[in-house]
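Coordinate inspection notes
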Amino acid sequence: MTSTLKDKVLFISGASRGIGLAIALRAAKDGAKISIAAKTATPHPKLPGTVFTAAEEIERAGGKALPLVCDIRDEESVKSAIQKTIEKFNGIDIVVNNASAISLTDTENTTLKKYNLMHEINARGTWLVTKYALPYLIESGKQDRNPHILNISPPLSMKEQWFSNHVAYSIAKFNMSLCILGWAGEFREHGIAANALWPVTSIDTAALNIIDKLTSSKSRTPQIMADAAHLILTKNSTGFSGNFVIDEIILREHGQTEFDQYLVTPGNRDLALDLFVDDEVFNKLKPLWKEDRRKKNPKL
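Residues numbered from 1 in each chain as written. Predicted model: local features only at pLDDT ≥ 70, side-chain atom pairs only at ≥ 80, totals over all residues. Heavy atoms only, no water.

The number of helices and strands found in the protein chain is 10 helices and 7 strands. Rg of the C-alpha trace for the protein chain: 19 Å, near the compact-globule value of 19 Å for 300 residues, within the 12% margin. Dimensions of the protein chain, computed from C-alpha atoms along their principal axes, come out at roughly 60 × 50 × 40 Å. Considering only residue pairs separated by 6 or more positions, the protein chain has 74% of its internal contacts joining residues 24 or more positions apart. Accessible surface, the protein chain as shown: approximately 14,000 Å² in total, 52% of it carbon and sulfur. (Helix = DSSP H or I, 4+ residues; strand = E, 2+ residues; numbered from the N terminus. Rg over C-alpha atoms; globule rule 2.2 N^0.38 Å. Contact = heavy atoms within 4.5 Å. Areas by Shrake-Rupley, 256 points an atom, 1.4 Å probe, with all protein chains shown as cover.)

Next up on the list: helix α4 (residues 112–142). If you check α4, its first and last C-alpha atoms are 43 Å apart, about what 31 residues at 1.5 Å a residue would give, namely 45 Å. Of all the bends found along α4, the most pronounced is centred on Leu134 and spans about 50 degrees, while Pro135, a proline, follows it within four residues. Just past α4, the residue Asp144 takes up positive phi, approximately 55 degrees. (Expected span 1.5 Å × (residues − 1). Bend = angle between axes of the 7 residues up to and from the residue.)

Next up on the list: the packing of aromatic side chains. Here the structure, examined in full by the defined rule, presents 7 aromatic pairs. With centroids separated by 5.1 Å and ring planes inclined at 20 degrees, the aromatic side chains of Phe163 and Phe174 adopt a geometry described as stacked. A residue pair is termed long-range when its members are at least 10 positions apart, and Phe163 in the loop between β5 (148–152) and α5 (167–186) and Phe174 in helix α5 qualify at 11 residues. Each member of the pair, Phe163 as well as Phe174, carries the same accessibility label: buried. Through successive ring pairs, a cluster of aromatic residues spans Trp162, Phe163, Tyr169, Phe174, Trp198 and Phe276. (Phe/Tyr/Trp six-rings, centres within 6.5 Å; stacked < 30°, edge-to-face > 60°. Buried < 20%, exposed > 50% of the residue type's maximum accessible area, 1.4 Å probe, protein only.)

Looking now at α5. With 20 residues, α5 should cover 28 Å at 1.5 Å per step; its first-to-last C-alpha distance of 28 Å lies within 8% of that length. Of the positions making up α5, those classed as buried are Ala168, Tyr169, Ser170, Ala172, Lys173, Phe174, Met176, Ser177, Cys179, Ile180, Trp183 and Ala184. Tucked inside the fold, the buried residues of α5 contact β4 (94–97), α4, β5, β6 (193–198) and β7 (244–246).

Right, let's get into the pattern of salt bridges. Considering all chains together, one arrives at 13 salt bridges under this definition. Note that Asp30 is salt-bridged to Arg26, the shortest N-O span being 3.2 Å. With a shortest N-O distance of 3.6 Å, Glu76 and Lys79 are connected by a salt bridge. Of this pair, Glu76 and Lys79 both sit in helix α3 (residues 75–89), separated by 3 residues, roughly a single helical turn. The class of Lys79 is partly exposed, set by a relative accessible area of 33%. Counted as one network, the salt bridges with shared partners bring together Arg220, Glu248, Arg252 and Asp292. (Salt bridge = Lys/Arg side-chain N within 4 Å of Asp/Glu carboxyl O.)

So, in structure tokens, the structure goes:
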């Protein structure tokens, strides 16, 4: 399978900034065609980026962009965005369900409004976008264009620790992963891959920088997720599906050994670990991190 996304059509939700934009820009370097579906049409007072500024960045990076003001909670908005993508690019090969809402609050302190928001975006929105993109993904499979669905969601893990502190968010986020579990089987006959990608460390975004500057400084940039996503999306869709991928692990499996370029704070390897990553993953990576430090500083 080719290692490029040249001329592939991507529909990415929540792509006006952060991880979604980073994935779009990596695809743009290959010459991909990208629909940026996000709510942000006008500049936010605190958060940079709109669908229009994202489109400009994508074009500068070498891709073709279609900015779409789209609320994935709304069925008509999603249907319209998908239709505009077809009119502009004549198909859809890849769907990246990146849009997400978060509130790390316990049951008592989670409002119904916040509960609904997280479930309408994370769970229902992901399902809705995929539902209306599906006929075009099926057609992409018929044309051997390597169709993929990629959810930015965690490995499935039914451990109490991932739920007890923020039940509403956890079940909304894990719903995205449950979709992958089901779609991998449901869409296999059409040659459509369905995979999930999740970071082992926290990822620095504009929102995180506002909420928690300390964690932001101990994070990696969204580029690591973009590089990992690119590896997934260029794999053969008939042979790589139903996987819950961790960013650093897939990069290491493909020979990458240098990760300092992703550090928000150069030289700071005291990284903040992300939610929903089981000990088995850390146990696999810890000796590698130790070896990396030893190579950089033999006195350790």
